[in-house]
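# Chains, contacts and geometry: an overview
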Amino acid sequence: DDSRKRYINSSMLLNAPLDVRTDPTFRVRIRAGSEIQMIDFIRDLIIRHEEDRGTVVLHASGVCRDDDAVVIAGPKGAGKTTTLLSVLRHPEWSYFTGDKAFCELAGDHLVVYPWRDYPYVGVGTIRADQRLERLVREATGAALDQYPPSHKVLLDPDVFEAWLGAEFSPRPRRLAAVMLPEVRPDEPLTTWRLSSDAERWAHLNKIVDRQVDTTFFTWQSYLVPDYSAFYRSLSQLRQVLPSIDMVRLRGTLDIDLGAVLGRDSAARPLCWEGAA
């Protein structure tokens, strides 16, 4: 059938339409051991549906304080989870989202909605914390010793939140800042607030989740053939970008976020990237 695509691995068969506007039916066959594939499949369906509505999805974790949210974003291995955990050691910050944030423009500011996703966490991060390692082994049976530290494990949100000691809340908040970490364990922490509009826009585009990081299928490229609403929303975000702090973090990611953002008297000066 030339109107559909088939994707097969050892645990799952997916028969997907080329264009969901004319054929919205997905046919799935599963067997024991296909839980992660099904999670990826359903997650991708939700994200593509939101993008079709014009929602911009950021691949980021996040924390919140009062009505503000701060997202933590970067490539695999950058130190997102390390930064999240470090920030949450300070009681004024609460857990917001584990892996994705959904953005909508609301007047002169950007509203972000958290998502109770199944976050990917690196084996190195898991094994560095005895309690998390025990929770992961008990919940998943994952043979963590067989994987390198950079390998990612998909965690049940119940396990992840139990480890954090945090309770998920669906309440949306204003996006106040974006943190861009780069872990370098033996270096002191250095911070740069990005001041160049072009560079800030480039970094925002890097963390937009256009292509879901699924390990199993490339079917999602067929799910939303028309990205016009998505790109229209993305271009509108540029209007409010000047109101959002964007800070790069490099070194040992032990973060006092209030100090980094300069919102308390103990804050140390930031280095301003691009300044004269």
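Now for the overall build of the protein chain. Secondary structure summary: the protein chain contains eight helices and 14 strands in total. In the protein chain, which comprises 276 residues, the proportion classed as buried is 48%. Considering only residue pairs separated by 6 or more positions, the protein chain has 73% of its internal contacts joining residues 24 or more positions apart. About 13700 Å² of surface is accessible on the protein chain, with carbon and sulfur atoms providing 49% of the total.

A few words on the side chain of D99. Mapping D99 onto the fold places it in the loop between β6 (94-97) and β7 (100-106). By relative accessible area, D99 is classed as buried at 6%. Within the local environment of D99, its side chain forms a polar contact with the side chain of K100, the two groups lying 2.6 Å apart. Among all residues touching D99, those that are not within four sequence positions of it are R43, L58, H59, A60, S61, D117, P119 and Y120.

Turning to the pattern of salt bridges, a few remarks are in order. It is possible for side chains of opposite charge to pair when their charged atoms get near one another. For the structure on display, the rule yields 20 salt bridges. In this structure, the salt-bridge partner of D158 is R116, at a minimum N-O distance of 2.5 Å. Highlighted residues: D158 in helix α5 (residues 157-164) and R116 in the loop between β8 (109-114) and β9 (120-122), separated in sequence by 42 residues. Among the residues examined, D158 registers a relative accessible area of 48% and is labelled partly exposed. Of the residues examined, R116 reaches a relative accessible area of 35% and is grouped as partly exposed.

Before going further, it helps to examine the nonpolar core. If you look at the biggest cluster of nonpolar residues, it comprises 32 residues, and the most contacted ones within it are V70, F160, M179, L249, I255 and L257. For this core, the secondary-structure elements that each account for two or more residues are β5 (68-73), α2 (80-88), α3 (123-127), α4 (130-140), α5, β11 (173-183), β13 (245-251) and α8 (257-260). Of the residues forming this core, the biggest block, four residues, is contributed by α5. Among the nonpolar cores identified, the runner-up in size contains 27 residues, and C103, F230, L234 and L241 belong to it.

The next thing to look at is the sheet that holds strand β3 (residues 27-30). Taking strand neighbours across the sheet as the criterion, the three strands line up as β1-β2-β3 in an open arrangement whose pairing is antiparallel. Bordering the open sheet on either side are β1 (4-8) and β3, each of which pairs with just one other strand. For this sheet, the mean angle separating the axes of adjacent strands, direction not counted, is 10 degrees. Note that β1 and strand β2 (residues 12-17) share five bridges and pair antiparallel. Bridge assignment links R6 to a residue of β2, and that residue is N15. Sheet strands in contact with helix α1 (residues 35-53) are β2 and β3, and its direction is about 15 degrees off that of β2.

Scoring rules and cut-offs
- Residue numbering note: each chain is counted from 1, following its sequence as written.
- Predicted model: local features are reported for residues with pLDDT of at least 70 only, side-chain atom pairs are reported and counted for 80 or more only, and whole-chain, interface and lining totals are derived from all residues.
- Based on all heavy atoms of the structure, the side-chain values leave hydrogens and waters out of the count.
- Strands here are runs of E lasting at least two residues and helices are runs of H or I lasting at least four, both read from the DSSP assignment and numbered beginning at the N terminus.
- Each residue's exposure class comes from its accessible area (1.4 Å probe, protein chains only) as a fraction of the maximum for that residue type: buried when under 20%, exposed when over 50%, partly exposed otherwise.
- Contacts are residue-level and defined by heavy atoms, with any inter-residue pair within 4.5 Å sufficient.
- All accessibility values rest on the Shrake-Rupley procedure with a 1.4 Å probe; residue burial counts only the protein chains present in the view.
- Pairs of N or O atoms within 3.5 Å make up the polar contacts considered here, provided that, within protein, one atom can donate a hydrogen while the other can accept it, and that residues adjacent in sequence are counted only when both atoms are side-chain atoms.
- In the sections that follow, a salt bridge refers to a side-chain nitrogen of Lys or Arg positioned within 4 Å of a carboxyl oxygen of Asp or Glu.
- For this analysis, a nonpolar core means a set of buried residues of the types Ala, Val, Leu, Ile, Met, Phe, Trp, Tyr and Cys, connected via side-chain atoms within 4.5 Å.
- The rule for pairing is simple: two strands pair if DSSP sees at least two bridges between them.
- Note on definitions: angles span 0 to 180 degrees between N-to-C directions of axes, and those axes are lines fitted to C-alpha atoms, for helices only across the stretch in contact.

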